[in-house]
Amino acid sequence: MCLGVPGKIVSVTDIMGMRSADVDISGVKRQVSLDLCPEAKEEDYVLVHAGFAIQIIDEQEAEETLKLLQDLTGVDLPEAESAS
Amino acid sequence: MTLKYISEYRDPILAKSLITKINQTSTRDAKLMEVCGTHTVAIAKHGIRTMMPPTVQLLSGPGCPVCVTANTDIDRAIELSKVDDVVITTFGDMMKVPGSYSSLAKEKAAGSDIRVVYSALDAVELAERTPEKRVVFLAVGFETTAPTIAASVIEAKKRGLKNFFIHAVHKTVPDALRALIESGEVKITGLILPGHVSAIIGTKPYLFLADEYHVPCVISGFEPLDVLQAIYMLVRQIESGEAKIEVQYRRGVLPDGNQVAVETMNKVFEPCDADWRAIGVIPGTGLKLREEYAEFDAVAAIEVELPPVREPKGCQCGEVLRGVLFPYQCKLFGKACTPEAPVGPCMVSSEGSCAAYYRYSDYPEATG
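Sequence order sets the numbering: in each chain, residues are counted from 1 along the sequence as written. Note on labels: chains are lettered from A, ligands numbered from 1, in written order. For this predicted model, a pLDDT threshold of at least 70 governs which residues receive local features, and a threshold of 80 or more governs which side-chain atom pairs are given and counted, while totals over whole chains, interfaces and linings are taken from all residues.

Caption draft 1: Focus on the sheet that holds strand S3 (residues 86-90) of chain B. Residue and element names in this part refer to chain B. For two strands to be treated as a pair, DSSP must find at least two bridges joining them. Secondary structure elements are defined from DSSP: runs of H or I of at least 4 residues count as helices, runs of E of at least 2 residues count as strands, and each element is numbered from the N terminus. Across the sheet, which stays open at both edges, the four strands sit in the order S4-S3-S5-S6 with parallel pairing between neighbours. On the outer flanks of this sheet lie strand S4 (114-116) and strand S6 (164-168), each paired with one strand and no other. Ignoring strand direction, the axes of neighbouring strands in this sheet form an average angle of 25°. Inspection of the sheet shows S3 paired to S4 by three bridges, in the parallel sense. Each residue of the ladder has a partner; that of threonine 90, found in S4, is valine 116. Helix axes are fitted only over the stretch in contact, all axes being lines through C-alpha atoms; the angle between N-to-C directions runs from 0 to 180 degrees.

Caption draft 2: Seen up close, the sheet that holds strand S9 (residues 245-247) of chain B. Residue and element names in this part refer to chain B. With parallel pairing, the five strands of this open sheet are ordered in space as S2-S1-S7-S8-S9. Of all strands in the sheet, those with a lone pairing partner are strand S2 (56-63) and S9, marking the two edges. Taken over all neighbouring pairs, the strand axes of this sheet differ in orientation by 25° on average, direction set aside. Bridging between strand S8 (residues 217-220) and S9 involves three bridges; their strand directions are parallel. Opposite isoleucine 219, over in S9, you have valine 247 as the bridge partner.

Caption draft 3: The arrangement of the nonpolar core in detail. Ranked by size, the top nonpolar core spans 148 residues in total, and within it A:Val46, A:Ala53, B:Leu191 and B:Ile231 carry the most contacts. The element best represented in this core is helix H10 (residues 224-240) of chain B, accounting for 10 residues. Think of a nonpolar core as buried Ala, Val, Leu, Ile, Met, Phe, Trp, Tyr and Cys residues chained together by C-beta atoms that fall within 7 Å. Buried, partly exposed and exposed are defined by the number of other C-beta atoms within 10 Å of a residue's own C-beta, namely 20 or more, between the two limits, and 12 or fewer respectively, with C-beta atoms placed from the backbone.

Caption draft 4: Representation of unusual backbone geometry in the model. Residue A:Glu43 is not a glycine yet carries a positive backbone phi of 80°. Within the fold, A:Glu43 resides in the loop between strand S3 (28-33) and strand S4 (45-49).

Caption draft 5: Summary view of the domain arrangement of chain B. Residue and element names in this part refer to chain B. On domain assignment, one finds that chain B holds domain 1 (13-302 + 311-316) and domain 2 (317-360). The centre of domain 1, based on its C-alpha atoms, is set 17 Å off from the matching centre of domain 2. Residue pairs are scored as contacts if the distance between their C-beta atoms, which are placed from the backbone, is within 7 Å. Domain 1 puts 28 residues into the contact, and the matching count from domain 2 is 26 residues. Nonpolar residues are Ala, Val, Leu, Ile, Met, Phe, Trp, Tyr, Cys and Pro. Charged residues are Asp, Glu, Lys and Arg, and all others, Gly as well, are polar. Taken together, the residues that form the side of domain 1 that touches domain 2 break down as 16 nonpolar, seven polar and five charged. Here the limits of each domain have been adopted from an automatic or database domain assignment.

Next up, the structure:
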């Protein structure tokens, strides 16, 4: 139930102080509220849960996790996957 | 198709390499509980259990909000649905969960107006569009979900809606873990902590787990590499005799979590005691509407009479939720209780332990 799906913010709209975003989730566009993530902006990746962005995905940390895994295991991932 | 932040955490070569690392490193008994239902599904779906060395045991915990919703709370939703002008709105997961005598799905089939929504905001919209109806949202979920409900209640207040209500049965995670460890029923040597609850609350609410109980903890993401890395991090803590709160899911979890979400949740809700199915009342692990938002409380606004509570006969969901039994050790598992004809909630919810074990054949008889 606590699913949080990563998606990319395509556009942000502001209607009477209510900010929402069109988010591309695995190729499907969905409107989500930015009430809980007021700092989110276009191009950001966010975790989407029950119609709300609940957190902005930290790209740098994401890359560092992958790098750590590669260092740990000695396995190199293809560049296109790990580069932003 | 490559999906950013998903595909790269499913790399099979890295996974294999991590499994080797875990097998090489683990010498001490590691009884690891995954608290979150989404982790249970990930472990079963990717066959992670079968890749573990004999020293590493993975137990499922009470982390499926649907499964821990008390029978009496479902009974109330069912009774509410029978009131003429009431529309019940709910997340889809709750539809088939059995109460004492019926389920929302059965009541819908019998003619009650019960609708599945994707977000509590959809229920707010519905209330605005249908002023002649009273729209009740069945508010289940942990800290991941509670802020989204809180934001929806704030929105309803802003729009001046008088026909939107919530039946709040939220639960909060950290003190439930304290109760689980205090009970001493299962000796847990490590916890895989929920990534998305933690995306909201951060790391600090868990510190007591390491400081007071010396239980190693890792907050994990949900892809197979996330879970494997979290297990490896826990094994390392256990091998070195350490206990700390580490974050594997760093792309989604900040030490302070999402403070806007926490503030939104605290603005609308305050802690109360909560009745966990088959676990009992755990003080301070529920959320009730604050005085300023009490007008949205369905329980106070719409009076219904509840039937006497009844638990399904032979169902051992309680033991499963407390990590005392593996799902396949329940006598009903796969026989009298299947996803098609579920007896207990753990077989109903897509994230229930029993459903996950059953669907992915994650039990000894199935794998041989």
